[in-house]
Amino acid sequence: MTIPATVTVLGVGSWGTALALLLARNGHTVRLWGHDPEEVAPLRQERENRRYLPGIPFPAALTAGTDLAAAVAGVELVLAAVPSHAYRATLTQLRSSLPATAGLAWATKGLEPGSGRFLHEVTDEVLGEAWPTAVVSGPSFAGEVARGLPTAVTVAARDVNYARRVAARLHGSNLRAYTSPDVIGVELGGAIKNVLAIAAGIADGLGFGANARAALITRGLAEMTRLGLAVGGRRETFMGLAGIGDLVLTCTDNQSRNRRFGLAIGQGETAAAAFAAIGQVVEGAATAREALRLARRHGVEMPITEQVDQVLYHGQNPRQAVEILLARDPKPEGA
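All values derive from a computational prediction rather than experimental measurement.

Criteria and cut-off values
Residues numbered from 1 in each chain as written. Predicted model: local features only at pLDDT ≥ 70, side-chain atom pairs only at ≥ 80, totals over all residues. Heavy atoms only, no water. 1 Å grid on protein atoms, 1.4 Å probe; cavity = no way out; pocket = protein on both sides within 12 Å on 5 of 7 lines; lining within 4 Å. Points joined across faces, edges and corners; volume = space filled by probe spheres on them. Helix = DSSP H or I, 4+ residues; strand = E, 2+ residues; numbered from the N terminus. Nonpolar A, V, L, I, M, F, W, Y, C, P; charged D, E, K, R; others polar. Pairing = 2+ DSSP bridges. Axes fitted to C-alpha atoms, helices over the stretch in contact; angles between N-to-C directions. Contact = heavy atoms within 4.5 Å. Core = buried A, V, L, I, M, F, W, Y, C linked by side-chain atoms within 4.5 Å. Buried < 20%, exposed > 50% of the residue type's maximum accessible area, 1.4 Å probe, protein only. Parallel < 35°, antiparallel > 145°, perpendicular 65-115°, else oblique. Left-handed = near helix turned anticlockwise from the far one by under 90°.

Trainee: When you look at the layout of surface pockets in this model, what are you seeing that I'm missing?
Mentor: Over the atoms, a rolling probe the size of a water molecule traces out where space has been left empty. A volume near 1000 Å³ is recorded for the largest pocket. Broken down by secondary-structure element, the contributors of at least two residues to the lining of the largest pocket are α1 (14-25), α4 (84-94), α6 (142-146), α8 (183-205), α11 (241-252) and α12 (257-266). Top element by residues in the lining of the largest pocket is α4. It accounts for five residues. The class makeup of the residues in the lining of the largest pocket is 15 nonpolar, 20 polar and eight charged. Reported here for the second largest pocket is a volume of approximately 470 Å³. Around the second largest pocket, the lining is made up of 17 residues, and of these Ala215, Arg219, Leu325, Leu326 and Arg328 lie nearest the centre. Looking at the lining of the second largest pocket, the elements that each hand over two or more residues are α9 (209-230), α15 (303-313) and α16 (318-326).

Next up, the structure:
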């Protein structure tokens, strides 16, 4: 049995709340932190997150607040689940309060908007490289984790012993946590799958059927792997939970906001209308641009990602984007 600990979760969205619920059910004392008093007050009063996870009550061991210094005082682990665009600012705010004995992990999926940096690079820049850090990723919809449905994730860290420590906190009767030393591969898989889920959603929104969806997923995995290997990831990572596992999940189920966003685009909605209807961050939209820049820096071809970027930022017609992909010259499948 894992010895109970005090853990802080940063971010009161669906994923942060689901992780806080999981950790509290695993026997830990959990402090859920959010920066907006108007968002946090209902959580404290109603003892559930009715906006994102209605009907799932908070265990007694889970509390919510807005005082970051108080939230992290004396904790063993800080787990960030904020959007990628807020990650650097959150760490900058955290820096002066993080206890010397605490480690950091993040369950944020994406590249930093504007810079295209991996989140472990942002972490090293803001906090320095002395802190123990890990990334949590894998096929895991927040609603299913919150409801206690069976889930498996990967925890990656440069220090395998720290990966095991974080995994032990998450591991429980309904969640299995595996470990990996491939931080870059796990981060990249979690970022690129959101872009590919938008592509799959667009194809389905256009009515192109299951064959097209399967092709997009399979060829999407190929381009994810090409880029991953070019930046230092391991091939086996992309064949695992943080690669094909998360890719299949987000491309095939409408719990994925990235897939729903793509569906709306394929059905003729504007990006602005699709964003408004979803009401949460769609990480793949910003990641498409950053992933394409990263691919070009490394000389990697990513045709699906390029067409998503064209649709979102350059006025490309969604149907024409899919037709461009289908019209590409025949080539060996392994290429």
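Structure's up, so let's keep going.
Trainee: Please clarify how the sheet that holds strand β2 (residues 29-33) should be interpreted in this entry.
Mentor: Spatially, β3-β2-β1-β4-β5-β6-β7-β8 is the arrangement adopted by the eight strands of the open sheet, whose pairing is mixed. The open sheet terminates on both sides in strands that have one partner only, identified here as β3 (62-65) and β8 (175-180). Ignoring strand direction, the axes of neighbouring strands in this sheet form an average angle of 25°. Relative to β8, strand β7 (residues 151-156) runs parallel, the two sharing six bridges. Looking at the pairing, Ala152 lines up with Arg176 of β8. Lying on the sheet, helix α2 (residues 37-46) is in contact with β2 and β3; it crosses β3 at an angle near 150°. Sheet contacts for α11: β6 (133-137), β7 and β8; angle to β7, the most-contacted strand, approximately 145°.

Trainee: Would you mind showing me how to read the nonpolar core here?
Mentor: Considering soluble globular proteins, one finds that nonpolar side chains tend to be buried as a cluster. Residues Leu188, Ile192, Leu227 and Phe261 are the most contacted members of the largest nonpolar core, which totals 42 residues. Elements with a contribution of two residues or more to this core: α8, α9, α11, α12, α13 (271-278), α14 (283-297), α15 and α16. When residues of this core are assigned to their parent elements, the largest contribution, 11 residues, is made by α8. Ala24, Leu32, Ala105 and Ala157 belong to the second largest nonpolar core, which has 40 residues in total.

Trainee: Whenever I open this one, helix α5 (residues 119-127) confuses me. Can you help?
Mentor: Two residues of an α-helix separated by three or four positions point the same way, owing to the 3.6 residues in each turn. The element α5 is extensively covered by neighbouring structure, given that seven of its nine residues are classed as buried. Looking at α5, one finds that the buried residues are Leu119, His120, Val122, Thr123, Asp124, Val126 and Leu127. Of the surrounding secondary structure, the elements contacted by the buried residues of α5 are α4, β5 (103-106), β6 and α8. Among the residues trailing α5, Gly128 stands out with phi positive, at a value near 90°.

Trainee: It is not clear to me how the packing of α15 against α16 should be interpreted in this structure. Could you clarify?
Mentor: The relative placement of two packed helices comes down to the angle between their axes together with the axis-to-axis distance. Orientation of α15 relative to α16, taken along the N-to-C sense of each, is 160°, at an axis distance of 10 Å. The orientation of α15 with respect to α16, classified from their angle, is roughly antiparallel. At the point where α15 passes α16, the crossing takes the right-handed sense. Listed contacts from α16 to Pro303, Ile304, Gln307 and Val311 of α15 are Pro318, Ala321, Ile324 and Leu325. Its residues placed into classes, the contact of α15 with α16 shows seven nonpolar, one polar and no charged.

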